[in-house]
Amino acid sequence: MSSTDYNYDEQGQFFPYFILTITSLVTIPVTISLLRPSKELENTATRIDSDYKPEHVDLIDGQRKKQRRRERRLKRFLVSVGGWVVIAWMVYLMMVTARTVPKIWDPYGVLGVSRSATEKQIKSHYRKLALTDHPDKRQEDLSRNITIESINDHWVEITKAFKALTDEEIRNNFLQYGHPDGKQSFSIGIALPKWIVSEGHGKYVLLMYALMLGVLLPYFVGKWWYGTQRVTRDKILVASAGNLFREYDNDLGDGGVVGVLSSGEEFHEILKGNKADYGTSKIEQRVLVEGETTPIKAGLSEKDIKKLKELDEGPRRKALGLLWAYLGRIELDDVVLNDEKYEVAPIALQLNEAFTSIALAYGNTKAVLSAYHTSQNLIQALAPNASPLEQLPYITAVIARGIEGEGSRTHMSIQDFMRIPADQRKQRAVAPGLLTETEYKSAVAIAKQLPFLQVEKTFFKVVGERFVTPSSLVQFVIKARIIPPGSVNVPDVNESDLEDIDAAEGDVDAITGRKDDKAGQKPIQPPLAHAPYFARDRSPRWHVYLADSKQGKIAVPPFTFSTFDKPLLDESGKPTFNVQTFKMQFGAPPQAGRYTFVMHLICDSYVGMDTKMEVTLVVEEASKAEVMEEEDEISEPDEDTIAGQMRSLKSGGTSAAAKPKKRRQDEESSDGSDTEGDVDSESETDTDTDTDEE
């Protein structure tokens, strides 16, 4: 019966291998994650060329540096360096430690015969050894370190080897178990030097294992698990998500969303202890002061003021006051309060993204629009209903009112401002109390770099089909160009760029939308948003969705994009005005008819650069579409055949192919399709569009 035998790494020759393996399992993945380049858009995009420095730029930069310190991979760097040091040390020990190779018992080697020797040869060689190595024949020779014990042991080994090769039972033991005595005890090697568990060190080893398994492992696993359960997919606290959900209302306006965002538990973490109440009254006094162009300088409505005053004293009330101070660009005359003002904005933006997801789940158009507008306001530090011109350097609410005109009832967008002839524009902006010559040039330079996405064409289509039929998979295609405000010599759109070519007939992946046409190509990123007051880098994102204006509901959920498939700038840095293509898919209505939607194209980083337009989806009856396709498939006789020549003679020499082609064109015009060219290679279903840019 076998037993188990434990032995230790006496010479420490296997200990480095054990430590090397364990350390590599941790160090290599950590190093890969450390060296892998970040895929976040904010870390790879270019910046708009600007030398504008807003007030308190030192506080804003300080908040950005604080965030970078939080995002730094310092812990991973230290783990990686420490791991590679340990690995290098273990490799060194492996190289300098003399390895003891255990000797495997070999009966052929003991007898000194070859493995091909026969039993007769083995017996003959054994008899010869008996004449020389038998204890009765050999003499003790201490000078050569040959003792009676060594002679006897040597002869026992020879006898054992002889029997292993000649005795049937012993031979079977050797063949099965590798030893003439049969199955041996099971030996387990422990890759730890014996001195660690001997000489009184055993209690320390037990203490180490208890610390690792009983304290450290549960702590790190618990911390990881609690962290995953504490944060939602939108990277906000679960408690904050619950607060946003409870305070959601379909009729929330832009200011109402700001009030909801103040319920985030994240504000409690940055406004702990004395910070929760410090300066709250001062903030509210400054926020509620009368404005020069608005009733309240910070842009609060009566409903927003009521919301602020109804809150209990504490972190939430202060956070809401700070948010309104940030949106109104209110000077608080306190370094700590101004610093907190810039700190709460990025947190509010993160919460707003979660609130947008909640609003989309309810599908109410007004709430979703308010959430997107709040994102614009937070990034640009603008109060609700503020002038879009305030996004440009040096332009304040007073200067914007002066440029727009005292009697103006609506705000002027940056695009409208840049469409004004240069001389008139300068005359409006450069004046005492408004902009200086230098400030005006800086504002115009920034405006000419902003990425305004101008829609050139929209249409619905079904890939591989000429018509949209009930319940088919529809693509809504948008053709648009990035045209910075104030661009001159903008070329006309090439009509071929407005077409959408269908995939080859056998390309199933492309037809079903699973094929990425940009595979292997590096996407083109727009520059980071020009947001000098926002203490984070932000890459602009565009959201497209279709809404039912009658019901006030979202018909097709948003499609979001942040990169383009064609270059935005040429090598000299000038706009290319390339036509970009964006597509969103959804299921067509189950009944035929004309369905009018309102398309919203919204940029989350700039105010006043949204596009709103009506689009009409024409769904044809499946039977009607089949009849039209069958008529188009009827082929006319070729003119070079006998039948074709006879037909030509009867028609007075008129080409037979011309008439059906003319008839097809008439049919296409009568059914409202704007499809041009070969319908087999492209398909565009008609949309009626009325544009109203906001």
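Reading guide: rules and limits
Residues numbered from 1 in each chain as written. Predicted model: local features only at pLDDT ≥ 70, side-chain atom pairs only at ≥ 80, totals over all residues. Heavy atoms only, no water. Salt bridge = Lys/Arg side-chain N within 4 Å of Asp/Glu carboxyl O. Helix = DSSP H or I, 4+ residues; strand = E, 2+ residues; numbered from the N terminus. UniProt positions renumbered as here; feature names shortened; annotations may be inferred. Expected span 1.5 Å × (residues − 1). Buried < 20%, exposed > 50% of the residue type's maximum accessible area, 1.4 Å probe, protein only. Contact = heavy atoms within 4.5 Å. Pairing = 2+ DSSP bridges. Core = buried A, V, L, I, M, F, W, Y, C linked by side-chain atoms within 4.5 Å. Polar contact = N/O pair within 3.5 Å; in protein donor to acceptor, adjacent residues only side chain to side chain.

Applying the stated criterion across every chain yields a total of 17 salt bridges. In this structure, Arg538 engages Glu353 in a salt bridge whose closest nitrogen and oxygen atoms are separated by 3.1 Å. Of the two residues, Arg538 is situated in the loop between helix 21 (508–511) and strand 5 (542–548) and Glu353 in helix 15 (residues 335–362); the sequence distance between them amounts to 185 residues. Here Arg538 ties to Asp604 by a salt bridge, and the two come within 2.6 Å at their closest N and O atoms. One end of the pair, Arg538, is in the loop between helix 21 and strand 5; the other, Asp604, is in the loop between strand 8 (593–603) and strand 9 (611–619), with 66 residues separating them in the sequence.

Here the UniProt-annotated "transmembrane region" (unreviewed entry) positions come out as residues 14–35, 74–95 and 204–226. The distance separating the terminal C-alpha atoms of residues 74–95 is 32 Å; by composition the span is 100% helix and 0% strand.

Moving on, we come to helix 14 (residues 315–327). Look at helix 14: 18 Å from first C-alpha to last across 13 residues, which is about the 18 Å you get at 1.5 Å a residue. In the segment just after helix 14, Arg329 is the residue with positive phi, at about 55°.

Locating Ala592 in the fold gives a position in the loop between strand 7 (579–587) and strand 8. Looking at Ala592, the relative accessible area reads 28%, which means it is partly exposed. Separated by 30 residues in the primary sequence, Ala592 and Ala622 have C-alpha atoms spaced 8.4 Å apart. The residues contacting Ala592, other than those within four sequence positions of it, are Pro470, Val619, Glu620 and Glu621.

Another point: the pairing of strand 4 (residues 473–482). Of all the 10 residues making up strand 4, 9 are buried; the element is thus mostly covered by neighbouring parts of the structure. As paired elements, strand 3 (residues 453–461) and strand 4 share 8 bridges and run antiparallel to each other. When the sheet's bridge partners are listed, Phe460 is paired in strand 4 with Phe476. By the bridge criterion, 9 bridges tie strand 4 to strand 7 in an arrangement that is antiparallel. Within strand 7, the position partnered with Phe476 by the bridge is Met584.

Turning our eyes to something else, we now look at the side chain of Gln63. Among the structural elements, Gln63 can be located in helix 2 (residues 57–71). Those residues in contact with Gln63, other than ones at most four positions away along the chain, are Asp339, Tyr342, Glu343, Ala535 and Arg536.

The next thing to look at is the nonpolar core. Nonpolar side chains tend toward joint burial in soluble globular proteins. Core analysis: the biggest nonpolar cluster contains 60 residues, and Phe267 and Phe355 have the highest contact counts within it. The greatest single-element share of this core, amounting to 12 residues, is contributed by helix 15. Beyond its immediate stretch of four places on either side in the chain, Phe355 contacts Leu244, Tyr248, Leu252, Val257, Val260, Leu261, Ala367 and Ala371. With 53 residues, the next largest nonpolar core counts Phe476, Ala480, Ile482 and Val619 among its residues.

Let us look at the side chain of Arg538. By relative accessible area, which is 10% here, Arg538 ends up buried. A distance of 2.6 Å separates a polar atom in the side chain of Arg538 from a polar atom in the side chain of Asp604.

A word on unusual backbone geometry. Residue Lys235 is not a glycine yet carries a positive backbone phi of 65°. With respect to the element layout, Lys235 can be found in the loop between helix 8 (202–230) and helix 9 (238–247). Even without being glycine, Asp333 reaches a positive phi, approximately 55°. Along the chain, the position of Asp333 falls in the loop between helix 14 and helix 15. Take Asp333: its relative accessible area is 48%, and that puts it in the partly exposed class.

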